[in-house]
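Understanding the architecture of this molecule
One letter stands for each residue in the lines below.
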Amino acid sequence: MNLNVKTIVAIGIGAALFFVLGRFAVVPVFANTNLSFQYAVLAFFAVLFGPIAGVLIGLIGHILIDMSWGWGIWWSWIIVSGVVGCGFGFVVRYAKIEQNDFTIPLIIRFVIGTIIVNLIGWGLIAPGLDILIYQQPVNHVFTQGLFAFVGNAVTTAVVGTLLLFAYNKAQPKAESLYKE
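Residues numbered from 1 in each chain as written. Predicted model: local features only at pLDDT ≥ 70, side-chain atom pairs only at ≥ 80, totals over all residues. Heavy atoms only, no water.

The helix and strand tally for the chain stands at six helices and two strands. Scanning the chain from its N terminus toward the C terminus, one meets helices and strands in the order α-β-β-α-α-α-α-α. A globule of 180 residues ought to have a C-alpha radius of gyration of about 16 Å, and the chain, at 17 Å, matches this closely. Projected onto its principal axes, the C-alpha positions of the chain cover 70 × 30 × 30 Å. The burial tally for the chain puts 43% of its 180 residues in the buried class. The long-range fraction of contacts in the chain, counting pairs at least 24 apart against all pairs at least 6 apart in sequence, stands at 73%. Accessible area of the chain: about 9,400 Å², with a carbon and sulfur share of 72%. Charged side chains of the chain number 8 positive and 6 negative; the gap between the two group centres comes to 4 Å. (Helix = DSSP H or I, 4+ residues; strand = E, 2+ residues; numbered from the N terminus. Rg over C-alpha atoms; globule rule 2.2 N^0.38 Å. Buried < 20%, exposed > 50% of the residue type's maximum accessible area, 1.4 Å probe, protein only. Contact = heavy atoms within 4.5 Å. Areas by Shrake-Rupley, 256 points an atom, 1.4 Å probe, with all protein chains shown as cover. Lys, Arg positive; Asp, Glu negative; His and termini not counted. Charge placed at Lys NZ, Arg CZ, Asp CG, Glu CD.)

Pasting the structure below:
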């Protein structure tokens, strides 16, 4: 477990961004399900800082969102935000985005991986936990999960890829540094 100062600061910044995007930059879609960009930011931080950072950013950020809405804490979706954050951290594990080019195969791996993680999280785990914990109607939670999956998969794939690409391009390459 690599929880150095840089990672702890990233968790704080990531959770704050997750909260702000998930609370104030949303488009309502279906029954307390919103379209937003917080999962793209979660994927970005989880890829750079690993699965533990992804879990903590997802959990902390989602708890803050639920507390701010005033409807109470919805543990099933908070848990899934943590699970999804962890999964994002494993999608392109050991890729060293800072040092290598963000290549087409790596982009494809990121997009497919985040779609699979979102499908498992929002299409299976969230509805399952809603049924087990809150005895929610099956049709309702799977419809809600479908909307969450599609919205989060698309925004994560598109915006997450753009964030990682921009980050990669902003990093100085080893060959760009030379001694005069």
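Another aspect to go through is the confidence of the model for the chain. When the pLDDT values of the chain are averaged, the result is 91; 92% of them are 70 or greater. Of all secondary-structure elements in the chain, the lowest mean pLDDT belongs to strand 1 (residues 27-30), at 74, while helix 4 (residues 75-91) reaches the highest, 97. (pLDDT = per-residue confidence, 0-100.)

A few words now on a nonpolar patch on the surface. A surface patch of nonpolar side chains, amounting to about 570 Å² of accessible area, comprises Ile104, Ile108, Ile112, Ile116, Ile120 and Leu124. Ile108 gets classed as partly exposed once you look at its relative accessible area, which sits at 45%. (Patch = residues over 30% accessible without salt bridge, like charges linked within 9 Å, V, L, I, M, F, W, Y side chains within 5 Å. Salt bridge = Lys/Arg side-chain N within 4 Å of Asp/Glu carboxyl O.)

For the rest of this paragraph, the subject is the environment of Thr33. Summarising the element assignment, Thr33 is placed in strand 2 (residues 33-35). Judged by relative accessible area, Thr33 falls into the buried class, the value being 3%. Sequence separation of Thr33 and Phe147 is 114 residues, and the distance between their C-alpha atoms is 7.3 Å. Discounting chain neighbours no more than four positions away, the residues touching Thr33 are Val27, Pro28, Trp77, Gln144, Phe147 and Ala148.

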